[in-house]
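Breakdown of the fold
The lines below spell out each chain.
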Amino acid sequence: MLVPVFTLKLSHKINPRMVAIGHYDGKHPCLTCATTAGKVFIHNPHSRGTRGGRMEASMDSDLNLLNINQAVSCVTAGQMNPETKNDVLLVGTQTNVLAYDVENNSDLFYKDTPDGANAVVVGNLGSIENPVAIIGGNCSLQGYDLEGTDTYWTVTGDNVCSLCLVDFNGDNQNELVVGSEDFDIRVFREDEIISEMTETEAITSLCGMQDSRFGYALANGTVGVYDKSSRYWRIKSKNHAISIHAYDLDSDGVSELITGWSNGKIDARSDRSGEVIFKDNFAQAVAGIVEGDYRMDGTDLLICCSVDGEVRGYQPAGQEMKGNLMDTNVEQETIRELSQRKQNLLLELKNYEENQKAANMDRPSGLGELDQQQMGIIPANTQLQTTLNVNMGSESQRPHVELFIATTNETIIQAVLIFAEGIFDGESHVVHPPTATLSSSVRVPIVPPKDVPVDLHIKAFVGNKNSSQFHVFELTRQLPRFSMYSLADPKAEIPLPKSNVTLTLNERINRVVMWVNQTFLLHEDIVSEGPLNLTFLSLRGSGPLCFSMEQSGQMTIRTDDMDLAGDVIQALATFLNIEDLQSIAEFPEDMETLRQVLVKVDEFHSVRQKLTAEMADHSNLIRSLVVRAEDARLMSNMKHMRQGYMELYNLNRDLINGYKIRCNNHDELLRCLKSVNQAIQRAGRLRIGKYKTQVINSCRTAMRSNNVSLLFKIMKTGSS
Amino acid sequence: MELNLARVDYLQVGITSEKSMRLLPPSGKKEQTNKIAIADHNGVLQVFGMKNGEAQHVFKTLPGPKILRLELGGPTGGIKDRIFITSGSLVKGFSKRGKQFLDFNTNLTESIQHLYVEAADLFLCGNYVYNHYRDCQDQNYYLCGDTINDVLCLPLDPTQPVTPVLACQDRVIRVLHDSTLLYEVEVPGPPQTLCLYGNNGGEDGDEIVYGTTDGKLGLVQTSSEAPHYRWEVPNEKRNGGVLCIDNYDITSDGILDLLVGRDDGLVEIYGYDESDEPALRASQQCSESITSICGGVVSTPGYDEVVCSTYAGWVLALTTEPQHKSLGAGTQAQVDQSVHNKIGNLKKEIEEMQKRVLNEREHYQVTAQNKKAISAVPHFNINHKFVLNQEDASYTLSLEVQMAIDNVLLQSDVPIDLLDVEKNSAVVSFSACNPEEGNFLLATYRCQANTTRLELKIRSIEGQYGTLQAYVTPRLQPKTCQVVKYRIRPLSLHQRSHTSDDNRPYNTLRIVGNFSLAEMHSWVWFCLPELPERTPAGDSVQFQFVSTFLDTLLECSYKRGEAVFRSDNISTISILKDVLTKEGTRKGIRMDITYEVDEDSVAHTLNLIHPKLEYQLLLAKKVQLIDALKELQIHETDSSFMSPEYKQILEDADKLQTEFKKQPCHLERLYGMITDLYIDKFKFKGQNVKGRVPMLLEVLDDYDLNNLVDFFQASV
């Protein structure tokens, strides 16, 4: 059994996911964690005098507290200066980011990050020469170099939750992997998205493993490993993964995925199969996992911290353990597993035998009618049929996609379980009709919240009324990406949407028709000769979606929903294998909203400045009031003193009110900035490949120079 | 002494009932090891020993009807090496070599559930009936008021009469004399299993260890007049119910230790301290319920083992023998070799079977084309339990299947809460449900691989009744699922008791009408848990209950044509009245209902709630302060300026937080009870006070007992 080589009890709480290790003097590793009350502590057991020596018994004096005075949102440490080996500490809060030189106790830079800082990572990115600190905020990614100049900027679909640097495509340069709240993992080669994977929940953690592999964790308790854009494995637990880290615990040369869970469990899983090779337990939730040579003996240890400040270090297992880190008897385990399999096979055989026996009797199993029902005997040729349809809904019901499930005879469906991720509240949806209305068919309304293709794993319990045993029919249906759109009658008068995107495809119309047949839920496949003209109605109420395509390859997509237009273009491009695509976008309403938002942003900025000035005034006033009041007290002039403190009290109240206003103002500002970033992202999604990068970068330049009209032009035409 | 136990699996048989595995005493001087005798639901009785890690059978019978019990017997004072098994109404006896010497058909109508053998005496129990045979001649008979869970007989002593002891579901151990009841011993939970203390009943041969379904253990001395309670082990960690007990000196300290097997797979070993009180020495968690437990030496002479059988039929041992031998390279290699052979054989067997299974699968698919063919899959066995926990007034539902469980669907037509259970690793997902379709809860549990047992915790609300259904789907082809149903009764949080308190103010509900005793019993059975379904014998019946949540009492006494219910909690009476009226009307029976309300009872109930409520409020307040205090502690190097109260909170922070986590929504539940009490009090006066509930909640927000009582007393 692998046991920790050291255990520490730090007397401070540790905020989850805010743990880092840094060699601030270039030599000695220091555990650095964010704690309550806006502080960061640095644990430095290797003080100058005892350099390289063993860890000391008394720990209290080894802690240095760093005041940030704001709730810390992320912490990391890393080398930013290629000339020295000293690590730089980076601390992000909702409004600022601080790069700190611990050795010299000085700020390197302190920057406003209006988009917040949800995640931070330090390292080399792409061909950028010096290491950058990349901060992920609300829809934006910003990179700073050692001097604090921003050398990198791009936008992404939603709030960034997690970041890591991985050599994704094997070009010996790091790519940036970004996990965000919209369930997507995006891979950026500098500012170009080269890959996009959709997951089933917000991505809370990412960590690079070997080569092009990386681990991920989701908010619903899933952890797994990707190699490039294909998923190796994933597992789901009822607990939540707080922190993941790659570490070679069994010394086999391949890193395992170490996961720290909310219930205090730590496990190490093989990167190939997800099999658990080691586990341990903390009394409290795990806060973070890092690695470092904490005993200064030349081996990097795995260091795990819990939220109540317990720290354990694990050494990689030696050769003699042969990769068997848990105290298990491998042979016994194998025998047990094999016996279990044998038992299962025996039971299955028994099932077939009994079935055969029952079939050979007139009265199955010699049982009466009642028993027959109880056993849930059904005709052997019973089949389960499923169809997916678009239902336009009625007054009492919203429009939805309808899954119709029916048996081929009188047997009844007792209940239906549908396991699918991302479209229900949980991972499953259950239909359990009341006993009185049990029948051989069931209609299940489904309203997928997003336009993504989903596999529906259906389990239907089929039997007779009053059965206590049912046959379980299992099958899988795929819900196509754009299932929430129904084909409109071509004759119906539908007002055309005001907005549209125009693009030119080098493809035949047939291929586009094929795509439509695949990604939309249609009664029958569309056959189109000549120019294409199709109108769909959104079941979510966002108006019609029209496609029209000429023989020349010019295609127009009309919809008032810019997100939808982007989704359509992205999906179409993937299907047709298009690498680069430019388009002309006409979204007057969205542009108008954006214009208003930009005006608001300006307002909020000016309000903020005003408030800041006011606050400075107030603090000066306070100082003088305190002095005056205290003077009065020393002079025993109680009347004046009281007066002074009364004024102080009022001023304090004003300050608090001012603070509240500032807070609200800030929240609003954040919201607006997020929507600006999203608008840029949307404009980007209307283009593919290099045109997409171009739009985003030009938009950024336009934003910086505050040139609103240029911004609109770029969004419309795709170039400046 | 540190006890190092390593798990070794011997073999797997069919599903086993409780107490259906025993160790045969070593025969002769040469043999130093015990052989294992085990019987299963396939009807197979087998006796085997272990040699070099391989099971060597002495004999194995052919499959037949399922065997529910296995006991050992022998002449008085002699070696107990005769094997007795029971299935249906039959009792069979085998010698240790496998020769059948007894085949006794008792002609009992109920199938025999429990069996005990002492010399020539056979003690047999069905669900309610106890029979005593001597030399296969019927001697005594006793009809029990509630289900019998276990039976044993005190060691025979020529000077004393035969004393059989029954463990009954109504929280009572019954001590008999011939065909009559000597006395009843009330124990803290429904006793599930009995065992003679020290295997011989202690010094006087009259001490019995019992284990209850809610996980408690105790020792009672059953002297001829009255019981004497010696000790009791509460179930603070909320482990599973006790299924089997044995005495064996596994710690080699010269004193017999107590071995306990529980239904959540926990095996515990208790030693005794100076005052003869049990103290936990070691424990080991297995994944399936432990149906039998025995101490002995099976595989290697000189190494004691705890041998257990599990529900799914595993025979396993927790041995003191070190598993990683360091005797030298030679022995190690030998052990490895035998194990490898075993693995190789298993793999071969599996391969062959897989072929057969594939064939059969194909065949099954082909029959599906046939229009007349049917698909009938035999029932699989589910070992399930739905028990009320006294400590936190919640129900525990445990489901266990021989195969790995794929998923479980829970459906309820009454509002209930599902609580998280630390032990279970299944991923739960709640589905949206529509109460109009009779679904108040739809939840799926998707189990991790190799889960054969699932434990869930459920909180019900008194007054809301209906059915909870669990659909269990195991991972076995052809896939089937089975449904198990549980009633959520109107007074679901009450449990049987045998004490009454005449000093409390009681509210009385009296029903007079044209109903039989059986009818009334069926209604009461419908309302309250822990009652036998069959009507008790006699002209009139009396039962006592206590609320696990509020400690209020309920007394039911009824006979033909008249029923009287007394409780100090007016809500209990109100729920009973509603349900009984409804049931009576449904059956078309005219009933006259009268009630007397004791005005003091409301204040009395509030006084009962008061300490609980006050404790919870204080706890909530303290827990709220913890974070803030901790922050202060970080800011200030010296925390001596804090008041002693705050220092105490900081010191106990962890304890407080676990306590708080243990009872989620406790406060809300108490508020709910108080609100019900308020509404019910005025309901009996014919007033509807639902409109005043917000005012009540205001009073509760600023809680003070006197104010609350005043609010209740104030007329509307």
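Computed from a prediction, not measured in an experiment: that's the story for all the values here.

So, how was this worked out
- Residues numbered from 1 in each chain as written.
- Chains lettered and ligands numbered in written order.
- Predicted model: local features only at pLDDT ≥ 70, side-chain atom pairs only at ≥ 80, totals over all residues.
- Heavy atoms only, no water.
- Helix = DSSP H or I, 4+ residues; strand = E, 2+ residues; numbered from the N terminus.
- Rg over C-alpha atoms; globule rule 2.2 N^0.38 Å.
- Buried < 20%, exposed > 50% of the residue type's maximum accessible area, 1.4 Å probe, protein only.
- Contact = heavy atoms within 4.5 Å.
- Lys, Arg positive; Asp, Glu negative; His and termini not counted.
- Charge placed at Lys NZ, Arg CZ, Asp CG, Glu CD.
- pLDDT = per-residue confidence, 0-100.
- Domains from an automatic or database assignment.
- Buried area = accessible area lost by both parts, 1.4 Å probe.
- Salt bridge = Lys/Arg side-chain N within 4 Å of Asp/Glu carboxyl O.
- Nonpolar A, V, L, I, M, F, W, Y, C, P; charged D, E, K, R; others polar.
- Polar contact = N/O pair within 3.5 Å; in protein donor to acceptor, adjacent residues only side chain to side chain.
- Pairing = 2+ DSSP bridges.

Scanning chain B for helices and strands turns up nine helices and 44 strands. Taking 716 residues into account, the globule formula puts the C-alpha radius of gyration at 27 Å, and chain B, at 29 Å, falls close to it. Taken along its principal axes, the extent of the C-alpha atoms in chain B is 85 × 75 × 75 Å. Counting over 716 residues, chain B shows a buried share of 55%. Residue pairs in contact within chain B that sit at least 24 positions apart in sequence constitute 57% of those at least 6 positions apart. Side chains of chain B give 71 positive and 97 negative charges; the mean places of these two sets differ by 8 Å.

This part covers the confidence of the model for chain B. Residues and elements named next belong to chain B. Scored by pLDDT, chain B has a mean of 86; 97% of the residues are at 70 or more. The low-confidence segment residues 325-331, where pLDDT is below 50, has two contacts with residues more than four positions distant or belonging to other chains. As scored by the predictor, the complex reaches a pTM of 0.84 and an ipTM of 0.83.

Residue and element names in this part refer to chain B. For chain B, the assigned domains read domain 1 (17-245), domain 2 (382-488), domain 3 (494-595) and domain 4 (600-713). Centre-to-centre, using C-alpha coordinates, domain 1 lies 32 Å away from domain 2. On the domain 2 side, the residues contacting the six residues of domain 1 number seven residues. When the two sides are added together, the surface that domain 1 and domain 2 hide from each other amounts to roughly 590 Å², 32% of it contributed by carbon and sulfur. One salt bridge in this structure joins Asp392 and Arg238, with 3.1 Å as the shortest N-O distance. In terms of residue class, the side of domain 1 that touches domain 2 is built from one nonpolar, three polar and two charged.

So, on to the interface of chain B and chain A. Note: interface size is frequently given as the accessible area lost on complex formation between the parts. Taken together, the contact between chain B and chain A spans 75 residues of the former and 65 residues of the latter. The interface formed by chain B and chain A contains 23 residue pairs in polar contact (both at pLDDT 80 or more). At 18 residues, the largest contribution of residues to the side of chain B that touches chain A is made by helix α1 (residues 329-367) of chain B. Grouping the constituent residues of the side of chain B that touches chain A by class yields 31 nonpolar, 25 polar and 19 charged. Where strand β36 (residues 469-479) of chain A lies against strand β38 (residues 480-488) of chain B, three bridges are found, and the strand directions are antiparallel. Residue pairing for β38 of chain B: Gln469 of chain A is matched across the bridge by Gln482 of chain B.

This part takes up the domain arrangement of chain A. All names here are of chain A. You can read the domains of chain A as domain 1 (14-155), domain 2 (158-236), domain 3 (373-479), domain 4 (485-578) and domain 5 (588-717). For domain 3 versus domain 4, the distance between C-alpha centres works out to 31 Å. Every contact between the two is made by 12 residues of domain 3 and, on the other side, eight residues of domain 4. Taken together, the two surfaces of domain 3 and domain 4 that pack against each other cover about 830 Å², and 62% of this comes from carbon and sulfur. For the domain 3 face of the interface with domain 4, the top three residues by lost area are Val390, Met392 and Asp451, together amounting to 57%.

We now examine the pattern of salt bridges. In total, this model carries 70 salt bridges over all chains according to the counting rule given. Here Glu427 of chain A ties to Arg446 of chain B by a salt bridge, and the two come within 2.9 Å at their closest N and O atoms. Taken together, the residues span two chains, with Glu427 of chain A in the loop between β32 (412-419) and β33 (428-431) and Arg446 of chain B in strand β35 (residues 441-446). Of the residues examined, Arg446 of chain B reaches a relative accessible area of 30% and is grouped as partly exposed. The partner of Lys683 of chain B in a salt bridge is Asp578 of chain B, with the nearest N and O atoms 3.2 Å apart. With a gap of 105 residues between them, Lys683 of chain B in helix α7 (residues 666-683) and Asp578 of chain B in helix α3 (residues 570-587) connect regions that are remote in the sequence. The class for Lys683 of chain B is partly exposed, based on a relative accessible area of 35%. Because the salt bridges share partners, they merge into one network encompassing Asp182, Asp184, Arg186, Glu196, Asp567 and Arg685 of chain A.

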